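# A closer look at the structure
Each chain is listed here by its residues.
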Amino acid sequence: MTAQIIDGKKVASKILEDVEKRVKTIKETPGLAIVLVGDNPASQIYVGFKEKRSKAIGFYCERYNLDKNTSQDDVLKLVNELNQNNKIHGMIVQLPLPEHIDENLIIDSILPHKDADGFTPVNLGNLVNDNNMLLPATARACLGLIKSTGMEIKGKNAVIVGRSNIVGKPTALMLLQENATSTICHSKTKKLKEHTKNADILVVATGKANLITKDMVKKGAVVIDVGINKVNGKVVGDVDYENVKEVAGFITPVPGGVGPMTIAMLLDNTLKAMELFKRV
Ligand SMILES: NC(=O)c1ccc[n+]([C@@H]2O[C@H](COP(=O)([O-])OP(=O)(O)OC[C@H]3O[C@@H](n4cnc5c(N)ncnc54)[C@H](OP(=O)(O)O)[C@@H]3O)[C@@H](O)[C@H]2O)c1
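Here the structure is a predicted model, which means the values were calculated and not measured. (Residues numbered from 1 in each chain as written. Predicted model: local features only at pLDDT ≥ 70, side-chain atom pairs only at ≥ 80, totals over all residues. Heavy atoms only, no water.)

### Things to note about the overall build of the protein
- Each helix and strand in the protein was counted, giving 10 helices and 11 strands.
- Against the globule reference of 19 Å for 280 residues, the protein gives a C-alpha radius of gyration of 19 Å, in line with a compact fold.
- Expressed as a percentage of its 280 residues, the buried residues of the protein come to 50%.
- Restricting to contacts in the protein with at least 6 residues of sequence separation, those with at least 24 account for 70%.
- Summed over all atoms, the accessible surface of the protein reaches about 13,400 Å², with 51% contributed by carbon and sulfur.
- Of the side-chain charges in the protein, 37 are positive and 31 negative, and the distance between the mean point of each set is 5 Å. (Helix = DSSP H or I, 4+ residues; strand = E, 2+ residues; numbered from the N terminus. Rg over C-alpha atoms; globule rule 2.2 N^0.38 Å. Buried < 20%, exposed > 50% of the residue type's maximum accessible area, 1.4 Å probe, protein only. Contact = heavy atoms within 4.5 Å. Areas by Shrake-Rupley, 256 points an atom, 1.4 Å probe, with all protein chains shown as cover. Lys, Arg positive; Asp, Glu negative; His and termini not counted. Charge placed at Lys NZ, Arg CZ, Asp CG, Glu CD.)

### A closer look at the site of the ligand
- Every one of the 20 residues lining the ligand counts as a neighbour, but Arg-163, Ser-164, Ser-187, Ile-228 and Thr-262 are closest to it.
- Contact between the ligand and Ser-164: an oxygen atom at 2.5 Å from a side-chain N or O atom of the residue.
- Between the ligand and the protein, one listed contact pairs an oxygen atom with a side-chain N or O atom of Ser-187 at 2.6 Å.
- Protein contacts shield 70% of the accessible area of the ligand, which totals 920 Å² for the unbound molecule.
- The class makeup of the residues in the shell around the ligand is 8 nonpolar, 10 polar and 2 charged. (Near = heavy atom within 4 Å. Polar contact = N/O pair within 3.5 Å; in protein donor to acceptor, adjacent residues only side chain to side chain. Nonpolar A, V, L, I, M, F, W, Y, C, P; charged D, E, K, R; others polar.)

### Description of the pattern of salt bridges
- If you walk through the whole model with that rule in mind, you get 13 salt bridges.
- Notably, a salt bridge pairs Glu-152 with Lys-154, separated by 3.9 Å at the nearest N-O pair.
- Since its relative accessible area comes to 48%, Glu-152 is described here as partly exposed. (Salt bridge = Lys/Arg side-chain N within 4 Å of Asp/Glu carboxyl O.)

Given below as structure tokens:
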């Protein structure tokens, strides 16, 4: 058996087409602000994609490149200005931030209805409450890719490897909302294989290259690889793609899987944020 490849770029382009169409029907222009602190090369690439895509579909985009030594107070000041800026409907502060800055404090200072990444405690709390407002873009990307396979999620065993607030936990909650049985694994999980082997849906978000090998995957499973790792100059995921695709039913490649979908969901969130803004 060879898995069907889930083409993230193709699924994302449908979402972006839809967002672009919706933008053309409204008078106002959705505004996205992107804040980058420091010179992390991977972050610079991700931010570049987000800026380019947002402009390509007709958004107004402001990008702030702050020096790596920018003080926490100055980042907070910028976020507060963007909170008050009526041209900006959604904003993201690219993570990770330099060590001297408290990420939670900065994220918490973003107004929940402008939180395009869906990372604020209010938006995560709403997700726990099944009251979806702005959901984390990568978790939305994972769910969208799973749905694109046509598989019925209800009643399936979903195993999520990784428990971060921005990927693992929200993805598990969103799959739970879809009536899957969600299990979250992490670095202290014993006998990881016993869990992954039981997964009809396997989402892997660890940042550990080739953590998931062929023997750990159930035949026919939907495998979503969120990881981004650089090995010998090549970008790879957390799944041993070449071998796992022999047993999986569907699999996302890295690059070209979750990455492009995350950007599409971020822009969809920004448009949604604009709609929310009209109500506050
Ligand atoms: N494609 C995209 O758009 C996108 C978006 C976001 C993130 N990413 C990528 O996704 C990956 C994860 O990101 P993140 O922010 O969620 O990372 P993170 O905050 O570092 O969390 C990693 C998680 O993986 C778990 N883990 C680490 N080693 C493990 C092991 N050997 N077995 C089982 N679990 C293990 C950790 O467990 P503990 O909690 O026990 O430490 C932790 O919960 C990274 O490669 C990141 O670059 C991609």
